[in-house]
Amino acid sequence: MQFSVRASLEQFALPHPSGAGKLRISVAAPAGEAPAAGVPTLYVVDGDILFGMAAEIARAVSSVAAFPAHYVVGIGYDAEYADFLKLRTADLTPPIGAEALTDLGALGTAIGGEKSGGADAFLDFLTDRLRPEIAARYPATADGEQILCGHSLGGLFAAHALLRRPDSFSAFIVSSPSLWWDGFSILDRIAAFGDRLAGLPRRPRVFVDVGAKEQDLPTSVPDGIGVTLAEAQAQIRSARMVDAAKEFADALGAAGVTELRHVAFAEDDHVSAAPAAILHGMRFALGRDR
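Worth saying up front: this structure is predicted, and the values here are computed from it rather than measured.

Rules of the game
- Residues numbered from 1 in each chain as written.
- Predicted model: local features only at pLDDT ≥ 70, side-chain atom pairs only at ≥ 80, totals over all residues.
- Heavy atoms only, no water.
- Buried < 20%, exposed > 50% of the residue type's maximum accessible area, 1.4 Å probe, protein only.
- Helix = DSSP H or I, 4+ residues; strand = E, 2+ residues; numbered from the N terminus.
- Pairing = 2+ DSSP bridges.
- Axes fitted to C-alpha atoms, helices over the stretch in contact; angles between N-to-C directions.
- Contact = heavy atoms within 4.5 Å.
- Salt bridge = Lys/Arg side-chain N within 4 Å of Asp/Glu carboxyl O.
- Parallel < 35°, antiparallel > 145°, perpendicular 65-115°, else oblique.
- Nonpolar A, V, L, I, M, F, W, Y, C, P; charged D, E, K, R; others polar.
- Core = buried A, V, L, I, M, F, W, Y, C linked by side-chain atoms within 4.5 Å.
- Phe/Tyr/Trp six-rings, centres within 6.5 Å; stacked < 30°, edge-to-face > 60°.
- Lys NZ or Arg CZ within 6 Å of the ring centre and 35° of its normal.

K.L.:
What should I look at first to understand the pairing of strand β3 (residues 41-45) in this one?
P.N.:
A regular strand places its side chains so that they alternate between the two faces of the sheet. Across the 5 residues of β3, 5 count as buried, placing the element largely inside the fold. Taking every second residue as pointing to the same face, both faces of β3 are buried, with T41, Y43 and V45 on one and L42 and V44 on the other. Strand direction decides the pairing type here: β3 and strand β4 (residues 71-76), joined by 5 bridges, are parallel. Its bridge partner lying in β4, L42 is registered against V72.

Structure representation (structure tokens):
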């Protein structure tokens, strides 16, 4: 079997669901031979940052016997970093209350919190517009497993998608989710989620992860983000990333998610947890964790 030294890349654009601008869709086909039908697809939000990583991981693991070949689809913006921060916030977040937005201070300004709240429209775009497009372009994916992966605000989006439409994907990789958004209001929705889940003929697999060092206080902040070190430390304290991820996973289990895994990666922080989440999350999503 011929095996490529690097992941494939095909790209096309689709109109943004808001009607303004376009989204850059990146697709990596399986590196080796794949079945003619039933090929899984991993959808990765924040594709500008995570698509290449996910595509190369897919290429590498598909060389291992019995690990299914799968497509990777990244959804991105092809924008400058400062603009990217605001565009992703608009698409990946549920609405936020005025008080919660004010509490974010400079961070809220840096990430464009005032234009947030588009998660429902973005989810509908993924399922109703992008997925049929992928199926038309790559017919082998039409009846395969559909997996959603998001990290940070993308993890919040994956959690939101799970709670709103648990049948929208066969598996959800909820990586380092920003559950602190809008004062942890997403946790209040899990009770209603249990009723929604109970009516499904098939319940999704859910992987929830976090870096075990994500509650460690930073000693510096990146240039240009517009947040002081003191503000960043206060945000880390209030975000409770490690504790909240466990609380979320426990609540999902209590609500009826039967195929569930929660991991706190011992040596990882908020950034380094992402590749680990893609690798181990896909193992779990595809049933190769046993």
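Once you've had a look at it, read on.
K.L.:
I would appreciate a short explanation of the sheet that holds strand β1 (residues 10-15) in the present structure.
P.N.:
Either a parallel or an antiparallel arrangement is found when strands of a sheet pair, and the pairing is made through backbone hydrogen bonds. Taken in spatial order, the 8 strands line up as β1-β2-β4-β3-β5-β6-β7-β8 in an open sheet, and their pairing is mixed. Two strands bound the open sheet, and with one partner strand each, they are β1 and β8 (260-265). Taken over all neighbouring pairs, the strand axes of this sheet differ in orientation by 20 degrees on average, direction set aside. With 5 bridges joining them, strand β5 (residues 146-151) and strand β6 (residues 171-175) adopt parallel strand pairing. Paired with G150 across the strands is V174, a residue of β6. The sheet strands contacting helix α6 (residues 153-164) are β3, β5, β6 and β7 (205-211), and the helix crosses β5 at an angle near 140 degrees. In the packing of helix α10 (residues 241-255) onto the sheet, contacts are made with β6, β7 and β8, and the angle to β7 comes to roughly 165 degrees.

K.L.:
Even after reading the chapter, I still don't get the pattern of salt bridges, so can you show me in this structure?
P.N.:
Any two side chains of opposite charge can pair if their charged atoms end up close together. Using the criterion set out here, one finds 13 salt bridges in the structure. For R165, the salt bridge identified is with D124, shortest N-O distance 2.9 Å. Taken together, the residues R165 in the loop between α6 and β6 and D124 in helix α5 (residues 119-137) connect sequence positions 41 residues apart. A salt bridge links R240 to E247, with the nearest nitrogen and oxygen atoms 3.0 Å apart. Classification of R240 by relative accessible area gives partly exposed; the value is 26%.

K.L.:
Explanation requested: unusual backbone geometry in the structure shown.
P.N.:
Note: most residues except glycine have negative phi, and most peptide bonds are trans. The phi angle at D46 is positive, at roughly 60 degrees, despite the residue not being glycine. Examined against the element boundaries, D46 turns out to sit in the loop between β3 and α1 (47-61). Since its relative accessible area comes to 6%, D46 is described here as buried. Positioned with a positive phi, S152 is a non-glycine residue whose angle comes to about 65 degrees. As for its position among the elements, S152 is in the loop between β5 and α6.

K.L.:
Got a minute to help me understand the side chain of T41 in this structure?
P.N.:
Assignment of secondary structure puts T41 in strand β3. Accessibility expressed as a relative area gives 0% for T41, which makes it buried. Beyond its immediate chain neighbours, meaning those up to four positions away, T41 contacts Y71, V73, T141, E145, Q146 and I147.

K.L.:
Sorry, what's going on with the packing of α6 against helix α8 (residues 190-198) here?
P.N.:
The relative placement of two packed helices comes down to the angle between their axes together with the axis-to-axis distance. Following both chains from N to C, one finds α6 and α8 inclined at 55 degrees, their axes separated by 8 Å at the closest point. Here α6 is positioned oblique relative to α8, judged by the angle of their axes. Between α6, through L162, L163 and R164, and α8, the contact on the second element is made entirely by I190, F193 and R196. Each residue belonging to the contact of α6 with α8 can be placed in one class, and the counts come to 4 nonpolar, no polar and 2 charged.

K.L.:
Can you walk me through the nonpolar core in this structure?
P.N.:
The nonpolar side chains of soluble globular proteins are, as a tendency, buried together. Judged by nonpolar contacts, the single largest core of 65 residues is most densely connected at F122, L126, L130 and L148. Those residues in contact with L130, other than ones at most four positions away along the chain, are F12, L14, I25, Y43, V73, I75 and F125. Formed by 28 residues, the second largest nonpolar core is a distinct cluster that contains V44, A55, I173 and V263.

K.L.:
So what exactly am I meant to see when it comes to the packing of aromatic side chains here?
P.N.:
Under the defined criterion, the tally for this structure stands at 9 aromatic pairs. Geometrically, the ring pair formed by F169 and F172 is edge-to-face, given 5.8 Å between the ring centres and 75 degrees between the ring planes. Through a chain of ring-to-ring contacts, the aromatic side chains of Y43, F169 and F172 assemble into a single cluster. The ring of F284 is capped by R205, whose NZ or CZ atom sits 4.2 Å from the centre of that ring. The ring centre of F184 lies 4.8 Å from the NZ or CZ of R240, which sits over that ring.

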